[in-house]
Structure formats: C-alpha cells, structure tokens
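Chain by chain, the residues run as shown.
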There are 2 protein chains.
Amino acid sequence: MTKYYILFLLFSCTTLLSAQRPSLTLTKEGITKIKSGLKTAPLFEKELLQIQKEIDLAILKGIDVPIPKDMAGGYTHQQHKVNYNLMHKAGNLYQFTGNEKYASFVKEMLFAYAEMYPSLGLHPTMKSYATGKIFWQCLNDANWLVFTSQAYDCIYDFLSASEREKLEIDLFIPFANFLSEENPKFFNRIHNHSTWANAAVGLMALAMNNDTLLHKALYGLEDDGINPDEIDNDGGYIKKDGIRQTGFLAQLDYSFSPEGYFSEGPYYQRYAIFPFLVFSHALHNKRPDLKIFEYRNGILKKATNTLLQLTDPQGKFFAINDSQKGMTYKAFEIVMAVDLMYLIDNSQVQLLEWAAKQNKVAFNIAGFYVAQKLETMNLSEPVKESRVYGDGVNGDKGGISVLRIDDAELLFKFSTHGMGHGHFDRLSYSFYNDAGEVLQDYGAVRWVNVDQKAGGRYLPENKTFGKQTIAHNTATINMGSQYKAKVKNAEVVDPVMYYFDADQENIKVVSAIENNAYANVNQHRTMMLYKDAEFSQPLILDLFTIESKEGVNIDLPLWYTGHLMKTSFTCGKNLSSLSPLGEKDGYQHIWQEGTCSVNEDYFAFNWFGNNRFYTQHSASHAGDKVVMGRAGANDPNFNLRSDPVMIHRKLNTKEAIFFNVLEAHGTYSKTTEIPKDPYSSIENVKVIHSDKDYIICAFSNQDYTWEVLFARTDNNSNSIHEVSVGAKNYRWNGIYQITKLKK
Amino acid sequence: MTKYYILFLLFSCTTLLSAQRPSLTLTKEGITKIKSGLKTAPLFEKELLQIQKEIDLAILKGIDVPIPKDMAGGYTHQQHKVNYNLMHKAGNLYQFTGNEKYASFVKEMLFAYAEMYPSLGLHPTMKSYATGKIFWQCLNDANWLVFTSQAYDCIYDFLSASEREKLEIDLFIPFANFLSEENPKFFNRIHNHSTWANAAVGLMALAMNNDTLLHKALYGLEDDGINPDEIDNDGGYIKKDGIRQTGFLAQLDYSFSPEGYFSEGPYYQRYAIFPFLVFSHALHNKRPDLKIFEYRNGILKKATNTLLQLTDPQGKFFAINDSQKGMTYKAFEIVMAVDLMYLIDNSQVQLLEWAAKQNKVAFNIAGFYVAQKLETMNLSEPVKESRVYGDGVNGDKGGISVLRIDDAELLFKFSTHGMGHGHFDRLSYSFYNDAGEVLQDYGAVRWVNVDQKAGGRYLPENKTFGKQTIAHNTATINMGSQYKAKVKNAEVVDPVMYYFDADQENIKVVSAIENNAYANVNQHRTMMLYKDAEFSQPLILDLFTIESKEGVNIDLPLWYTGHLMKTSFTCGKNLSSLSPLGEKDGYQHIWQEGTCSVNEDYFAFNWFGNNRFYTQHSASHAGDKVVMGRAGANDPNFNLRSDPVMIHRKLNTKEAIFFNVLEAHGTYSKTTEIPKDPYSSIENVKVIHSDKDYIICAFSNQDYTWEVLFARTDNNSNSIHEVSVGAKNYRWNGIYQITKLKK
C-alpha cells in the first residue's frame, strides 16, 4: 500500500513538472537566457556556430543507420556513435535556434532506429559479458540512450502524440528494458557500466515520464538472480561482497570514497562522471525534491574536484590501473563536469579557472553560464594540492596520495584494488614534472577504439603484463605478482595508511603499509618530496622496508622514461642475444638486457629524459644485483611499447631496506647543446641504522649530510624517539625528521 | 716584389681604418645608433638587460680560469667555454653601456689567460688529430679565439699600450700561431674546422692589426707538408683531391655549392656559418675593399637562405649525415646569421620573417637593426620551397632535394659524401609533417657536449651503425654498405640527378641515379609527392629500380617513427629470443624481431606515430620477405635508441622494382579517443610493366586507379613515349605521367 502511494506521488510530481519542454539537461528558462545572451558568451557562441556547421553538413549528407555488425573501431560501431552525437547536438540546436530542420533531422533518425530496432537480435560479435544490440556491448547501447534521451526531450513537443507513442513503444521502452531487466548483470552492479545503464534508463524514463523505469534507474532491479561468482570481461566481479543495494543512488553511495575518489582511478572516473552528472542534471531540473547535488554531502562536487586534482603537470590523468595514457582534463566529459558543477555552485571559482584552461565549454546551459562568467572574471591558475584521498566508501580502505612541490608531482598508490580495472601495484609510485613523465606507470595495454588493435579492446598483454606487479614501480617478491594476481584475493584486504603530512612547505610525506600481498611478507613504504636550497629541484626520498619470515628474492623496478646515461657500477648490455626475464607474472614480457653486480653499499643510476637529467642513488647490500630490461618479449602482435626498466634485485633476503634518493638535477637542449648539471651533486646514500622500531638513513653532497630519522612502528606525531648508534645519539619528535648537517 | 707591394697596401689600408674602436663586428657608428635607439628595439633591449644581469652575476662570482684537463662536457671544458662567452658579452656591454666594470672584467680574465697560456703544453687528453691547449681539440681553441678577439677589440682603447703588448705577445700571437703554423692539418683544409681556424686567426689579426696573420687567415699556409692520406677523427681526409688553395677565401670557394649547400649537411652548415659570418662581418667593416658579402655571387647570403630552407615543419634541420637531432633555426648561430644577412641586404624580407619566428636577436648591431625592423613591419610566415640543391663546387655533383606540399616535407639525398661527417646513404629519404618525424634519418650516434657519453664525442656506434647504409631509408645490397663504407671510395664519384620538377602544384618529383655504390649494380630512385582530392594528405610515390649483373640480396628499410598497428601479411614477433640481423655493416646493431613472407604481389604496413596513422603499400614478388627489426644489439654502453624498422627484402635478384605508396591518412587523439581514418583507402599497388626503357605502375582505391608512367632512360621533357601492354596502349609526354582513371 505504501509502495503504491509513493509511486503515485512520484507520478504526480513528474507530471506537474513535465508540462514544459525541454525538461532534462535543458529547460525553457535556460533556452530563453541563451537565446538572448549569446553575444555575452563568445566561447559558447563559437561552440554553437561550429556545431551548427557540423550538423548542417550532416543533414546534407543524409541519415545512415546501418545494421549493427562491427566491433569498436569498425564502421557500424563508429556510425552509431556518430549518430547519437548528431541527434544530441541537433536536438539542442533546435532548441537554441528554433529551426525545425534540426528537429526533423532528429525525428527522421529516431524513426530509422525505431524501424530497425524491433528486428535486432543480440549484436553478432558476442564478445561481451553483456552483449548489446546496436553495439558489441550494452555499455555502448547505454551511451546511445544517454544522448538520445536528451535529443528526444528536445523535440518532444515537435512530435505528435502518435509519433511519440510509436517511438516509445517500438524503440525506447524495449531499449530501456533490454538494458535493465534483460541484462541484470550489466544493470545491477556497483560499477561504471551500471552507472551508464542506470543513467541511460533514468534519462529516458524522465524524457518519457515513465515512473516505473525511473524507479528501476534510481533503485535498481529488485531481484537480479546474479551468481556472486560471475565476472565481467575485465575480470571484475559482478557482485561486490556486502553491497546489496543497486541503482543510481547506490552508485552514488558506493562508487566514491567520501572525498570523491573512484577506486578504478581517474581515467575511469572521467568516463563515469559523465552519466553521473548528466542524469543528476536532469534530476536536478525534474526531480528537485531529490536534491541530488547535495546527496552524500555533495559527493558529485567532490568527485569533480578530485578528478581535476588527479592530473599531472601537463594535465594528463595519472595513468594508474587500466588507463589509456594521454587522457586530459580537456576531455569532453570534464568540460561538461566543470561547467555543470560551477553552474550548480558558483562559489567554486577553481572550476572557472579550470574552464579557462579548457578553453571550451559544454553545449548546454552550464557551458553558456561559464562562457559568460569567463568574460567577466580575472582568473589565476587553479591550485593543485598535495593531498591524500582515502579509498572505499568510508575512506578507510587505503588511498592514493599526490605530493607536489613546484612542478614536481609524485603519485603514490595504496588504494583498494580498483575492481576489474585494477592493477596489482600496491605501494607503487609514478613521478612527473612540467617536462612530462619521469617515472611511468605503464597504463593499460590497449588502444581505445582503434580497430587494428583487437577492435579497441584490452589486449592480452594487459592482463599478462599491464596488470602485473613487475610492470609497476613497486616490489615484486619471488618473481610473482601481489595477491597471486587474483582480483578476488586483492579485494578482500586493503593497504593501511601509516602517515601523511603535507603541512610543511619544503617536505611532503606519505607512508603506507601492505602486509597481505604476499604470505608472511610485510611491506612498508614511505615517500617524501623534499626541497632544499642545495638542490635545484625537489628530491624524492624513498624508504621501503620489506620483512619476510622466509628468505625471499625482491625486485624493485624503476620504469624510467628516457635514455640511460651512466651507472656507478659496470653494466654491459647483452650484445648478441636477448631472452625474457622470466616465464610468468609479467616477467615473460621483459627482455633482459643485462644483469650486473652493484657495489656493496651504494650505487647510482643516471639517465636523460624529457630534456632533463636524473639520478637515482640507492643504498645497496652485498650480493645485490641490478637488472636492465626492456618491455616487448612474448608479444606476438607488437602490442607492447619498447620501454626501459632498471630493477634493483635483492636475493634471499629476510629484511630488506631500500633507501633511494632521486634527484632531477640538470637540463640539456638539442638546440643550444649546453648540458647544465648533467651529474647529480649527491655523493652517497646509506642506511646507518635499522631495528624493529627505527630506521636512520643518510645522504650527502659535497658540503652537507642529511640524516633521515624514521619511526617504523609509532605514528603518533607527539612521540619522542631516541636511538643510539655507536657513540651518536639521535633524538627526534614525531614520525620522521630530516636533519641537515654541515660537513 | 709584387707580394711586398700587396702587403704594403694591405697594411696601409687596415691602419687607416683601425683608428676607431670597436672595429670588428661592432663599430663606433653602430654603437651610437644602439645607445640612442634602444627603446625602438625592444627585443634587443630585452636581450641586453638579460645579458647585463648575467654578466653582473658573473662579475660577483669572480673569475675562474682553470688549468685545462677535461674532455667536452667536463668541468674545465665547460668553464673555458663559459669564459669566452662571458668575455664576448662583457666586451659588448662595455661598448653599449660605457660602464668600465665590464671592460675591467674582460681585462682581468684576459690577463688570467695570458698568465696561464705560456706554460701550457698540449691538452692532456690527446684524443684529437689536432689536440688543443685550452680544450681537447684545436677546434674549441678556435671557438675561444673567435669570441675573445671581439672582446679584445671592444676593450682595446680601455687598455694601455703596454697591456695590449703583453696580451698580444704572451697570449694572442702564440695562440694564433698555434692554431695555424703549429697545426697545419687543422688550419689548412677545406673543412668546417679550418673555417673556424681561419676566422679565429683572421679576427684576432684584425683586432691586433696584424697583417701577417691576416694574410695567413685569408690565404692559408703556403706550405703545410700534409700527407694526402692523413685522416681526421671523423674519418675524413685532411686533403681533398684537386684542391690546393687554402685559407678563408678558399673555404668560401670550396665549402659550398653555388646554391649555398654545404656537403656535410645543414647541422654542420649551421656550425660553420658562424665563423664564416662573424669574420666576414669584421672584414666588411675593416676591409670593405674585399666586398666579402658579394664574394662568389653572394655565396654567404645563399648559404644562409639554404640553411633556413633545410628545416622540417617543426624547424629542425634535416638530420642527414652526422647530425644531432633537434637542432633548429633557433640556434644562436642562425639567429646571428639571419640578423646579419638582413643587415647586409634588407631586401631579404624572408629573413625578417624568420627572425620573427626566432623571437630573439643577436647581441650586436645586426640584432639591433632587426629588432627595430620587427617593430614596424607586418610579416607573414616565411615561404618554404620545393627545391633541389646541387652539391659540389660547381653544383654538378649530385645534390639534395626537398619536396613540399602542405605540411608534408620529404628530403631526398643524392649528394657527395659529406667528408668525414658523411653517411653511406645515397638515394635515401626521410619524411616529416607538422606532427614531427614520420620516416627518420637516425642522425649521429652522439650526445654533443654530454660528458657521460664519451665526453660528448662521437660514440663507436656512430661508425658501426649511424653511418652504415642499413641505418637509412635506402637499399643495402648483400648486407654490405655502399662503397664498402670507405670514405675514399665514396668521395671519388657522385650520384647523378636524372630529373627534378617542382612546377606542378599537386606533384613534386625528384629522380636520381647511383651506379657506383656497389660493383655492377645500377640504382635509380624516383620520389614523388602527390596530392589528389581522394586523399586527405599528399601521398609519397617511391619508384626504385635496382639492376645487377649477378643475383643480389636487397634490403630496403623503412625507419618509421611510431608503433606498428597492422600488416596485410602474417608476421609474428619473436617471442622468447632475439638475435642480431647480421654481423657487420650496421646489421650487427639491429635486433631481428621477426622475418615473414609477404604476398606475391602486394603488401601493406600500417603504423601509428605522432598521433597520425600511416600505411605503406608495396608491390612485391614471389619469395620477398619482410624483416621487423629494432636498433640496439651489440651496444654495450646503451648508446643506441631502441627505434623500429621494417625491411623489405628481395633475395637473389637481378632486376628489382620497388614501388611503394605511402599514405598518411588518419589521426587519433588520446583525449577524444576518436580514431579518424585509421585505415588507408588504397587497396592495391602493382607494377604493370617494365622494360629497359619504361616502367608502368598503378595503385587504386575503391573508385579510382592511378597509373604512373615513367621513362627510365630518357629525361628529355619533350620526348613522347609509347608502350603497349597486352591490348592496352600507353602514351605520354616527358619523363613521367600520372593518369587518374575512374574505375
């Protein structure tokens, strides 16, 4: 009885509001503002004129709705993708200009789809855990519906009642049912795929005023009958333990940490934010009672800002997990997100600052509003902070951290696994500056949408190399990946943050512990970005301890970007034959270019990349090796990049202490041919002392020694520590201290 | 008697003019203009303020004239380099500002050198054919003198007569004698080294009014006693057959072709142009009677303009021969050249256009003049032409050619060997567009001035790989380099230009013959850049015939830049072991990633680089192979880049016809993730007919076939040709014709 009452309320509510069209991401009121204010928003006007040109051309070219056949990258795939974009733009244009030719174009295309759709079975490729009808996967069908629902809303009043009835009965309702009831594994998960599904069905429900569908979109299917062991194409589990709520609101509850971090990482967050925001925008207009942008303390606002913070100095998203490298804050999803969130809360001036850098606005009321504001405001560069972002719904399941000083940006990862798109890379880091990538995360082995490379899908080497531990700047034990490379194992338990401090101007610190990736192995890594007047650029201090009950072999790679210049140890490259470094867990994909012995207590590795010189200085131990490698072995289809790696190897070790100091110290221009500081000024690094509670390390240049004092087991900032090493007494307050001593 | 008379004339002439200081590249008159007009030349003023800041800082830091010890890149090398630059700048500053602290600084430093110089033996490194005293090679000592002579000229009047005497007797005269009489192999060649030597001695002679030295600089040493078989460190011969004149004027006579091409290539031309122009500038001021800028029909003007034309779309010099890649028209030598040649002849507006792109001016009167002009003129982009530049003193010893349409730029090389810096790469080409290098010339294996890499000198792999034929986009016969990789062999005989035509708007053609690189092998290659409405970008048509008395194995590499996407043939990459492609002539440095059979008559190779897609379509023959390779084998010190190559291999062939069509057809952005035209629209290429006089080839897309008709033995543009193939009759006028036929 209560249920019916709620449905009735919903119905009357939407009915009342739906009298005016458009009603989703555009409103009558917004259209009026745009029409009268075009000249005050030149960036928006430019966008409009460009789109008008594009659509006028498309109208001349005529409509093409082919029978679905191809994989991503292929002709029918691309054409249907083009079509939903054209419909969306033409629908908006009809509203902005009043010119009926745009409405006719949308109508005609919709009818072509309505003609074809009832006869379609599943897409013939059958390569997805959730095969679509228009596309090879339901995900792309959901993309189609997100855009098309908005187009339909725009021309709703242009259509007759019987035309609308035909479209809804032959196309939209079956389409929405297919994505929901007929594909529960796709619709009823906590996952970016399901966010698209929920938003697609929800947007079309709002467009049609169909409350039954809207209820499904918001709250999910009641009984989906999914087996908890089922996995998707990326190896992610359909069901997540302990999560039983589904639908759009549950996505908002469970997709983000309280600070707006998305466990799949920023590349996928960029993809998911779009349906989150578009549907929320429509709900904001049509269901203001839901207060969607206030939901979970404004989680969408936080998610948008977090995303912008997770970019490197060149604006590329940190390429953790399954990321295609090179995706930036200029992606259309981020343009839309920035504009919309500024429209919703114009106290967020930083969003306007990002919008200025994007130099492009969304083709909607938010874009118009931002374009107007950009004309009147005097803006700075947006501030990028050193921060830690807790992972997990409560923010307590590890996290990721960005340390920033000047143009140096370090990303340290100790998050949850990241579902099907996660990599086995806990305690890994990557490093960037204005000149680009310095220490890379390989990213995904994939060319998104590029037909030549397996139709744009993930390539086999993504699983066998890209996801494996050795492909990342973190330790691999006994040549095997963390959690035996099983998602199920990795999802059970999370790293623990030990310490984070970004309050000092010249030093930023993050420290985390991972004791479950390998049986009986405890790992604790602390990374610092440290600025001192003796060095032109901030140093990276990397203190990594690994304790094991049994003696283990440890490989700690440095995936550097550039060309090896010089090593402090002798290391010849294999001359006339190369073989892979191992047989499994990613090692089979690395050519072994050389394996060399290093000095007992210290070695240095100097390279040149992005027109800068870098040197990593490392404490070492008798018997340590360095392996030089290069990706590309066991790669039958030439899918891997030929990237170099230097691996610090410790054999049969129970207690390993890695202490590395990385200095970016010089530059070289191919035009002036002048090398500036090609050598690091650091002369030595060493571990002075270690016991179960403390580590004392040091590094020095010609004039100074820096001692790094660290409490391994007490992360109370108020504790006082005291250690005696020989005659010398060290005393400090809190987790760590760096002491600079004149020699 | 005549000789003395001339000397007397010279003497009186210089004495008359030398009354006023400065007198070399600066003049009293120029200084007056600069002082009064600073505000009218903001780019020059900016330069001045920046340099003033730099010198003020250097003065605070104090003078450091260390005992010479290090190789290039090392401390003493860098410091002495810094010193001559500081002296030059400080000398100019003294003139521009009148502030005596700058003169004192130069004076003090000069005296420090005068103190040290008499006690110096040869530089301890002893690694050069002409070891210097301040530096490891005389060449750098000459650099020092070129800059220092100008500094001396600037403070000449600031010094007392006795101070001048001390400097001249203890430092300048012995320095100049060391570079000339004591190093005839260095001073008395036709080579960029000797140009520096001649200019250095000549500039100091002018500064000192020393006519004996000036005569040596202009006309060389009379008897140098050099053995004609002696070679320098780069493997070049000291003596060139048939050339017996030496000195600066002989450099002008013999270094350039009549069009201003320099046989070592643009990278070295950029280096050599500096002493050519600086000394000429001083001669222009102090010896106007020589009319140096009119010498040899204005050869220096031509050389400057040719140099600017030999840049790719990103402004980098084409990296032929021993070039360090990345050197651009923004190099300080080119800034100076552009400014000076515009000062000398301001009808050359294109130079001002280049100056605008450089956005920097020289620190002299020419830079001042250009900075003034830039304020008043409305400038376009400089025009870059399709042209051929004849090589050799008379322009008849082969040449190089640049074909340009839109942003496509193709460099085809059929020049003389290029002396010690030449590569065995006749009939090779490289290809560029706005996005960068598409088909590369590897360039030199060297990091200039980078101490870590053998003190910045050429690395061993430059000789064993960089110079070898297989490292270039031209044919290698029987896995051996052209001319058995002997400079002496290659210098004897030159390629012959068969045809060049850049008059058509949509097609640019160059064709050349090389019949001496291999015994009994005739090679003829024709390259066309062809624009047609069916293709978004110009095609490269490459027709390469190789005839041999004996059956030979031929390798034709394509050093592509980017990542392999797809091949029309099956070609798996070697999975678990790599070995080198051969044992010598560069093959020992290429890892063999795979060797595959191609289809009998056609194959295609598709790759992605610089955000664009490319496909090469090739006619093939039964038994042809494709080898996939990657540089980096037998490279003990990690000196080589890991660059990929695709090699078309023909075995045991007496008559090979390569016909390749390269299409740049699509784009892909990592931010939009939208591939546009990832596949080429060309469906087939084939050789329809060949006989001793004619070749008929064709390629086609879905709608058209293009026939390429070519006369191999008659390069008369007026000839009419007729060939019957089966029932079909082909008739055309001139060397070639492209016929477009609707299918």
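The structure contained in this document is the topic of the report that follows.

What counts as what
Residues numbered from 1 in each chain as written. Chains lettered and ligands numbered in written order. Predicted model: local features only at pLDDT ≥ 70, side-chain atom pairs only at ≥ 80, totals over all residues. Heavy atoms only, no water. Helix = DSSP H or I, 4+ residues; strand = E, 2+ residues; numbered from the N terminus. Rg over C-alpha atoms; globule rule 2.2 N^0.38 Å. Buried < 20%, exposed > 50% of the residue type's maximum accessible area, 1.4 Å probe, protein only. Contact = heavy atoms within 4.5 Å. Areas by Shrake-Rupley, 256 points an atom, 1.4 Å probe, with all protein chains shown as cover. Lys, Arg positive; Asp, Glu negative; His and termini not counted. Charge placed at Lys NZ, Arg CZ, Asp CG, Glu CD. Pairing = 2+ DSSP bridges. Axes fitted to C-alpha atoms, helices over the stretch in contact; angles between N-to-C directions. Buried area = accessible area lost by both parts, 1.4 Å probe. Salt bridge = Lys/Arg side-chain N within 4 Å of Asp/Glu carboxyl O. Polar contact = N/O pair within 3.5 Å; in protein donor to acceptor, adjacent residues only side chain to side chain. Nonpolar A, V, L, I, M, F, W, Y, C, P; charged D, E, K, R; others polar. Disulfide = S-S within 2.5 Å. Least-squares fit on C-alpha atoms with pLDDT ≥ 70 in both. 1 Å grid on protein atoms, 1.4 Å probe; cavity = no way out; pocket = protein on both sides within 12 Å on 5 of 7 lines; lining within 4 Å. Points joined across faces, edges and corners; volume = space filled by probe spheres on them. Left-handed = near helix turned anticlockwise from the far one by under 90°.

Turning our eyes to something else, we now look at the overall build of chain A. Within chain A, the regular secondary structure consists of 18 helices and 23 strands. The C-alpha atoms of chain A give 28 Å as radius of gyration, which agrees with the globular expectation for 743 residues (27 Å, within 12%). Each principal axis of the C-alpha distribution contributes one length, and for chain A these read about 90 × 60 × 55 Å. Here chain A, with 743 residues, has 65% of them falling under the buried criterion. A fraction of 68% describes how many contacts in chain A between residues 6 or more apart in sequence connect residues 24 or more apart. For chain A, the exposed area adds up to about 26500 Å²; of that, 50% sits on carbon and sulfur atoms. Here chain A holds 75 positive side-chain charges and 84 negative ones, and the gap between their average locations is 2 Å.

Here the focus is the sheet that holds strand E1 (residues 387–390) of chain A. All names here are of chain A. In spatial order, the strands read E1-E2-E3-E4-E5; together these five strands make up an open sheet with antiparallel pairing. The open sheet terminates on both sides in strands that have one partner only, identified here as E1 and strand E5 (436–439). Each strand of the sheet is rotated relative to its neighbour by a mean of 20 degrees, with strand direction disregarded. Both strand E3 (residues 408–414) and strand E4 (residues 428–433) contribute to a ladder of five bridges, which runs antiparallel. Each residue of the ladder has a partner; that of Phe 412, found in E4, is Tyr 429.

For the rest of this paragraph, the subject is the interface of chain B and chain A. Often the size quoted for an interface is simply the accessible area lost on bringing the parts together. Chain B puts 55 residues into the contact, and the matching count from chain A is 55 residues. Taken together, the two surfaces of chain B and chain A that pack against each other cover about 4700 Å², and 55% of this comes from carbon and sulfur. Summed over the three residues of chain B that lose the most area to chain A, namely Gln452(B), Lys573(B) and Phe638(B), the buried surface amounts to 18% of that side. On the surface where chain B and chain A come into contact, there are two salt bridges. Put simply, Lys573(A) and Asp635(B) hold a salt bridge, and the shortest N to O gap is 2.9 Å. On inspection of chain B and its partner chain A, the count reaches 34 residue pairs in polar contact (both at pLDDT 80 or more). Of all elements in the fold, only helix H12 (266–286), strand E11 (563–567), strand E12 (590–597), strand E13 (602–609) and strand E15 (625–631) of chain B reach the threshold of two or more residues within the side of chain B that touches chain A. Considering each element in turn, the side of chain B that touches chain A owes the most residues, four residues, to E11(B). Per-class residue counts for the side of chain B that touches chain A are 24 nonpolar, 18 polar and 13 charged.

This brings us to the state of the cysteines. All names here are of chain A. A complete count under the given rule lists two disulfides over all chains for this structure. Across a sulfur-sulfur distance of 1.7 Å, Cys 571 and Cys 596 are joined as a disulfide pair. The chirality of the disulfide connecting Cys 571 with Cys 596 is right-handed, given an S-S dihedral of about 45 degrees. Of this pair, Cys 571 sits in the loop between strand E11 (563–567) and strand E12 (590–597) while Cys 596 is found in strand E12, placing the two residues 25 residues apart along the sequence. Residues Cys 571 and Cys 596 agree in their burial class; the two are buried.

On to the relation of the copies chain B and chain A. Overlaying chain B with chain A gives an RMSD of 0.1 Å, the required rotation being 180 degrees about an axis along which the chain moves by 0.1 Å. Both copies of the chain, as the preceding transformation shows, are related through a two-fold rotation axis. Measuring from the rotation axis to each C-alpha of chain B, the shortest distance belongs to Leu578(B), at 2.5 Å. With an isologous cut-off of 70% or more, the 100% of interface residues of chain B that recur at the interface of chain A puts this contact in the isologous class.

Turning next to the sheet that holds strand E19 (residues 694–700) of chain A. Residue and element names in this part refer to chain A. Pairing in this open sheet of four strands is antiparallel, and the strands run E18-E19-E20-E23 from one edge to the other. In the strand order of this sheet, the two ends are held by strand E18 (684–690) and strand E23 (736–742), each with one partner. The sheet shows a mean angle of 20 degrees between the axes of neighbouring strands, direction not considered. Here strand E20 (residues 704–711) runs beside E23; their pairing, made up of seven bridges, is antiparallel.

Okay, the pairing of strand E21 (residues 720–725) of chain B next. Residues and elements named next belong to chain B. What you see with E21 is a clean split: His 721, Val 723 and Val 725 sit on the buried side and Ile 720, Glu 722 and Ser 724 on the side with no burial. Taken together, the six bridges between E21 and strand E22 (residues 728–733) define a ladder with antiparallel strand orientation. Each residue of the ladder has a partner; that of Val 723, found in E22, is Tyr 730. In sequence, E21 turns back onto E22 through a hairpin of two residues, with Gly 726 there showing a positive phi of about 60 degrees.

On to the pairing of strand E2 (residues 399–405) of chain B. Residues and elements named next belong to chain B. Across the seven residues of E2, seven count as buried, placing the element largely inside the fold. Taking every second residue as pointing to the same face, both faces of E2 are buried, with Gly 399, Ser 401, Leu 403 and Ile 405 on one and Ile 400, Val 402 and Arg 404 on the other. Of the pairings in the sheet, the one linking strand E1 (residues 387–390) to E2 comprises four bridges and is antiparallel in character. Bridge assignment links Tyr 389 to a residue of E2, and that residue is Ile 400. The sheet contact formed by E2 and strand E3 (residues 408–414) spans seven bridges and is antiparallel. Along E3, the bridge assignment pairs Ile 405 with Ala 408.

All names here are of chain A. Looking along the chain, the bond that leaves Arg 21 and enters Pro 22 is cis, with omega of -10 degrees. Residue position: Pro 22 is located in the loop between helix H1 (2–17) and helix H2 (28–37). One non-glycine residue with positive phi stands out, namely Asn 478, at about 50 degrees. Within the element layout of this structure, Asn 478 appears in the loop between strand E6 (476–477) and helix H18 (487–492). Judged by relative accessible area, Asn 478 falls into the partly exposed class, the value being 45%.

Another aspect to go through is empty space enclosed by the protein. For the structure shown, the criterion picks out ten cavities of 30 Å³ or more. Roughly 110 Å³ of internal volume is contained in the largest cavity. As for the largest cavity, its lining consists of 17 residues, and the residues nearest its centre are Trp591(A), Arg630(A), Ser642(A), Arg630(B) and Ser642(B). If you list the elements that add at least two residues to the lining of the largest cavity, you get E12 and strand E15 (625–631) of chain A together with E12 and E15 of chain B. Of the residues belonging to the lining of the largest cavity, the class tally is seven nonpolar, four polar and six charged.

With that settled, consider the packing of H12(B) against helix H14 (residues 332–344) of chain B. Residue and element names in this part refer to chain B. Interhelical geometry of H12 versus H14 gives an angle of 35 degrees and a closest axis separation of 9 Å. Where H12 crosses over H14, the two elements pack in a sense that is left-handed. Note on element contacts: H14 touches H12 through Phe 332, Glu 333, Ile 334, Met 336, Ala 337, Leu 340, Met 341, Leu 343 and Ile 344, opposite Arg 270, Tyr 271, Ile 273, Phe 274, Leu 277, Val 278, His 281 and His 284. Taken together, the residues of the contact of H12 with H14 break down into 13 nonpolar, two polar and two charged.

All right, on to the environment of Val349(B) then. All names here are of chain B. Among the secondary structure elements, Val 349 is positioned in helix H15 (residues 349–358). Judged by its relative accessible area of 32%, Val 349 is partly exposed. Along the backbone, Val 349 and Asn 209 are 140 residues apart, and their C-alpha atoms lie at a distance of 35 Å. Ignoring anything within four residues of it in the chain, the contact list for Val 349 reads Met 377 and Leu 379.

Limitation: the analysis is restricted to geometry and does not speak to function.
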